[in-house]
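The lines below spell out each chain.
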Amino acid sequence: QVQLVESGGGLVRPGGSLRLSCAASGFTFSSYGMRWYRQAPGKERELVAAVTSIGGIRNYARSVKGRFTISRDNAKNTVFLQMNSLKPEDTAMYFCNARSVGTGGQELDYWGQGTQVTVSS
């Protein structure tokens, strides 16, 4: 059974930091690219950060570049999102996503339930 379980969200003041974690199970974690998305109320889900399966390439949304860092520990089947210098506009539900391509060419795409991040004074 595939599971992605996010944790680490919460309420933080502007300028503060949070570290999100996403623990994966039920699939070969090291074969999947991992992503963090976020969705604020009334807005579309947006890609925040992505890392390749062995962690060699990382990409970020322009709005978080220089403030957020995505990393992964394949030995612990976990992906992280370190968020620094948080702003009120970072307030959203943050989702973990795992994506790969199966042997038959089909897309394999798994999602967590999300963790809420609220940045407010």
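As a reminder, the structure under discussion sits directly above these lines.
Every chain is numbered independently, its residues counted from 1 as its sequence is written. Side-chain atom pairs in this predicted model are given and counted only at pLDDT of 80 or more, local residue features only at pLDDT of at least 70, and totals for whole chains, interfaces and linings cover all residues. As a rule here, side-chain values cover all heavy atoms of the structure and leave hydrogens and water aside.

> I keep staring at the overall build of the protein chain and nothing clicks. Help me out?
Numbering of helices and strands starts at the N terminus; helices are DSSP runs of H or I of at least 4 residues and strands are runs of E of at least 2. Looking only at helices and strands, the protein chain features zero helices and 11 strands. Listing every helix and strand of the protein chain by position from the N terminus yields β-β-β-β-β-β-β-β-β-β-β. Taken over C-alpha atoms, the radius of gyration comes to 14 Å for the protein chain, in line with the 14 Å a tight globule of 121 residues would show. The C-alpha extent of the protein chain, read off along each of the three principal axes, is 50 × 30 × 25 Å. For the protein chain, long-range pairs separated by at least 24 residues make up 54% of all intrachain contacts whose partners lie at least 6 apart in sequence. Element-wise, carbon and sulfur atoms account for 47% of the exposed surface of the protein chain, whose accessible area totals about 6,600 Å². Atoms counted for the radius of gyration: C-alpha only. Globule rule: 2.2 Å times residue count to the power 0.38. Only heavy atoms matter for contacts: two residues are in contact if any of them lie within 4.5 Å across the pair. Calculation of accessible area relied on Shrake-Rupley with a 1.4 Å probe; when residues are assessed, cover is drawn exclusively from the protein chains displayed.

> How should I be thinking about the environment of Gln-1 in this particular structure?
Inspection of the secondary structure puts Gln-1 in the segment before strand 1 (3-7). Ignoring sequence-local partners within four residues, the contact set of Gln-1 consists of Ser-25 and Gly-26.

> Sorry if this is basic, but what is going on with the pattern of salt bridges here?
Pairs can form between side chains of opposite charge once their charged atoms are near each other. Salt bridges are counted wherever a side-chain nitrogen of Lys or Arg sits within 4 Å of a carboxyl oxygen of Asp or Glu. Counting across every chain of the model gives four salt bridges. Between Arg-38 and Asp-90 there is a salt bridge, with the nearest N and O atoms lying 2.9 Å from each other. Here Arg-38 is found in strand 4 (residues 33-39), whereas its partner Asp-90 is found in the loop between strand 8 (78-83) and strand 9 (92-101), with 52 residues between them in sequence. A salt bridge links Asp-90 to Arg-67; the shortest N-O distance between them is 2.7 Å. Note that Asp-90 is positioned in the loop between strand 8 and strand 9 and Arg-67 in the loop between strand 6 (58-60) and strand 7 (68-73), a separation of 23 residues in sequence. When a residue's accessible area, from a 1.4 Å probe over protein chains only, is under 20% of the maximum for its type it is buried; when over 50% it is exposed; and in between it is partly exposed. Given a relative accessible area of 11%, Arg-67 falls into the buried group.

> Help me understand the side chain of Arg-38 in this model?
Given a relative accessible area of 6%, Arg-38 falls into the buried group. Polar contact is the term for a pair of N or O atoms within 3.5 Å; when the atoms are in protein, one must be able to donate a hydrogen and the other to accept it, and sequence-neighboring residues count only if both atoms are side-chain atoms. Within polar-contact distance, the side chain of Arg-38 engages the side chain of Glu-46 at 2.6 Å. Within polar-contact distance, the side chain of Arg-38 engages the side chain of Ser-63 at 3.4 Å.

> Looking at this structure, how should I read the pairing of strand 5 (residues 46-51)?
Successive side chains on a regular strand alternate, one facing one side of the sheet and the next facing the other. Two strands are counted as paired when DSSP detects at least two bridges linking them. Where strand 4 lies against strand 5, five bridges are found, and the strand directions are antiparallel. In the sheet register, Tyr-37 faces strand 5, and the bridge partner there is Leu-47. Between the antiparallel neighbours strand 4 and strand 5 lie six residues, among them Gly-42 with a positive phi of about 80°. Two strands pair when backbone bridges link them, and strand 5 and strand 6 are joined in this way by three bridges, in the antiparallel orientation. Bridging from a neighbouring strand, Ala-49 pairs with Tyr-60 of strand 6. Between strand 5 and strand 6, which pair antiparallel in sequence order, lie six residues; one of them, Gly-55, sits at a positive phi of approximately 80°.

> Would you mind showing me how to read the environment of Gly-10 here?
Relative to the helices and strands, Gly-10 resides in strand 2 (residues 10-12). Sequence separation of Gly-10 and Leu-20 is 10 residues, and the distance between their C-alpha atoms is 9.6 Å. Excluding residues that lie within four positions of it along the chain, Gly-10 makes contacts with Leu-18, Gln-116, Val-117 and Thr-118.

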